[in-house]
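Working through the structure, step by step
Chain by chain, the residues:
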Amino acid sequence: MVLTGSLKSLLPHVLRRIIRCNRLSISNTSGMAEGYKQANVVILPKSLADDFEKFCHANDGPLPLLYRSKPGDWKCPSLSSDSDIRTDCLQYRMYEYGACTGSLKSLKEYSEQLKDMVTFYLGCSFSFEKAVQNAGIPIRNVEQKCNVSMYKTAVPCYRVSAFCCNLVVTMRPIPESKLEAAVRATSELKEAHGAPIHVGDPGLLGIQDHSKPDYGDPVHLHPGDIPVFWACGVTGVEAIISCRAPLAFTHSPGCMFITDLKNDNVAVRSSRETPQVHCISQDPLHYSIVSAEAAQKIKTLETLIGIDPGNRGIIHLHRQDELLKACLSISHARSVLITTGFPTHFTYEPPEENDGPPGALAIAAMLQALEKEVAIVTDQRAMNLNKNIIEEAVQLGILKRPVPLLSFQRESADSALMFLCENGNPGRPRFDHLIAIERAGMAADGNYYNARKVNIKHLVDPIDELFLTAQTIPGVTTTGVGDGGNELGMGKVKDAVKKHIKNGDVIACDVEADFTVVAGVSNWGGYAIACALYILSTCEIHDRYLRKAVGFPQLSKKLVWLSALPSVTKEEKLLKTLVQLGVRSGKTASLEMEVDGLPFYNTHSLMIEKLL
């Protein structure tokens, strides 16, 4: 037998000879031939080969294709000089009509059948282990002398003909302080699955118990470790099972084919394309990935909307990167609930001001373009007004279709939970994200105040309870957009409101949101969210992370997203509509906002009152 401690330094052709002679007593090839590419292996009938190749190209995160052989060809000259796929993996599995019918040390006895079969060599995450270690990051499964953990997920791959299966992933525990380094170390190694497809709670991938992998061995997390998941070539095994081929072979998970190719042919990524990692949720733990360039554009938006036309001191309420984190969270959401409405003109009918609805509709329009579910909840007394606003927005082309309009009343202790979740079950929330924009927020004494300390509680329904209840529902996050500190969600900065905003000791909202977007005018915050969602959607790094590296990039929809952005024309038309509906103004609304050279929002510094 060969001592396993020396295996990591042996050259690939030597290792293949040792494996061929069946002289190894190890169970996997992790840590072997450091710096060289390893490959998953799928061998199937030639009648299925073309469709499987298309399946690989459609799901190139888990199935990066290194080489496709000709029928009956046991060698792979572009990957190795002297290999024989019948003998050069530690162990193989045989599948008949989708069922695993045996584990084999060699395929030589099936040489006749292999003459009509094609071998696919697919990239493997073992290939990036050396790069990760070079970045100062421990490989826990190597430390623990075991195979990597592999899991079936609930994420469907892009289907091609008979190949229809869910994504399989590997999990590596990474110290929290090293997350960004791990992403950067692997992001350019496309043939080894590239960057992670998920960072955080396994349950978000449909993995119920990370201590029970479907393939490989359990790998224990150290204190401070975060589970990080990469797409895995064992997805090819699941594809073989799904197609129910009469006969097929694969490597046994973890028992890779070792190539002669080094991992040193990596393109240098520009600094603006460098991936960044941001935490967007603590319960469940969830991180997102975005390019440095996209993140910087969103930070620029945050700075632009932070100017203070009323000199009210909102600079003291600003929290850095809240817009970025809020929009990353919204980007991951399936269904979003928006609320707006501040009845500051309490002696008029309607009492609403026109700061809020335009920003809310700008967000809703972008969410529709991104094919997310979106609804608006408002006060019962304002249902007809908001219904008319939404209908006009559709007529004006601001919205593609009407947004469902809801109201909320507290009828019992669990009313908010019943509203937010199916049958009040926290495990089945109807919405992933709640957004409040220029929505009157409850103060510490239970009342609602305008900026002049006038109590307007009689005009405000208890929508705050939805945000308070959302804090108790795992997977539901919230964003508050405001410009004075008395808006729903501004409880996160209430101490600064009390200290720096006029009347802040009375009017400060006490209800927190997970993310607080502070703007000179709340509408600007809504426009910035719409623009930021567009930026994230056109970021290739973020797009890949969202779709878990399966299917195709969504950038072909860019024109649809672009058409949903707020504009001067849309704003002017909507403001005129609000005037016709009797909605009054209380603020200046002017801002020039440019991203990618496009004038997403440019109102020429006009007072909204001039439109009256």
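Residues numbered from 1 in each chain as written. Predicted model: local features only at pLDDT ≥ 70, side-chain atom pairs only at ≥ 80, totals over all residues. Heavy atoms only, no water.

The name that an unreviewed UniProt entry assigns to the protein is D-glutamate cyclase, mitochondrial, with the source organism given as Balearica regulorum gibbericeps. The UniProt entry for the protein carries the following text under Subcellular location (unreviewed entry): "Mitochondrion matrix". Turning to the protein, the UniProt record has this under Function (unreviewed entry): "D-glutamate cyclase that converts D-glutamate to 5-oxo-D-proline." (UniProt positions renumbered as here; feature names shortened; annotations may be inferred.)

A word on the pairing of strand β13 (residues 275-282). Counting buried residues along β13, six of its eight residues qualify, which places the element largely inside the surrounding structure. Where β13 hands over to strand β14 (residues 285-291), the hairpin turn is made up of two residues, counted between the paired strands. (Buried < 20%, exposed > 50% of the residue type's maximum accessible area, 1.4 Å probe, protein only. Helix = DSSP H or I, 4+ residues; strand = E, 2+ residues; numbered from the N terminus. Pairing = 2+ DSSP bridges.)

Our next topic: the pairing of strand β10 (residues 225-231). Counting buried residues in β10 gives seven out of seven residues, a clear majority hidden from the surface. Bridge count between strand β7 (residues 166-175) and β10: seven bridges; the pairing is antiparallel. Each residue of the ladder has a partner; that of Ile 174, found in β10, is Ile 226. Pairing of strand β8 (residues 198-200) with β10, which is carried by two bridges, proceeds in the antiparallel orientation. Along β10, the bridge assignment pairs Val 199 with Val 228.

Here we come to the domain arrangement of the protein. Partitioning the protein into structural domains gives domain 1 (134-229) and domain 2 (275-560). Here the C-alpha centroids of domain 1 and domain 2 sit 32 Å apart. Summing both partners gives a buried area of about 1600 Å² for domain 1 against domain 2, and 67% of it is carried by carbon and sulfur. Where domain 1 touches domain 2, the interface holds zero salt bridges. Looking at the side of domain 1 that touches domain 2, the elements with two or more residues in it are β6 (149-156), α6 (179-187) and β8. Among the elements that line the side of domain 1 that touches domain 2, the one with the most residues is α6, at five residues. Split into classes, the residues belonging to the side of domain 1 that touches domain 2 amount to 14 nonpolar, five polar and four charged. (Domains from an automatic or database assignment. Buried area = accessible area lost by both parts, 1.4 Å probe. Salt bridge = Lys/Arg side-chain N within 4 Å of Asp/Glu carboxyl O. Nonpolar A, V, L, I, M, F, W, Y, C, P; charged D, E, K, R; others polar.)

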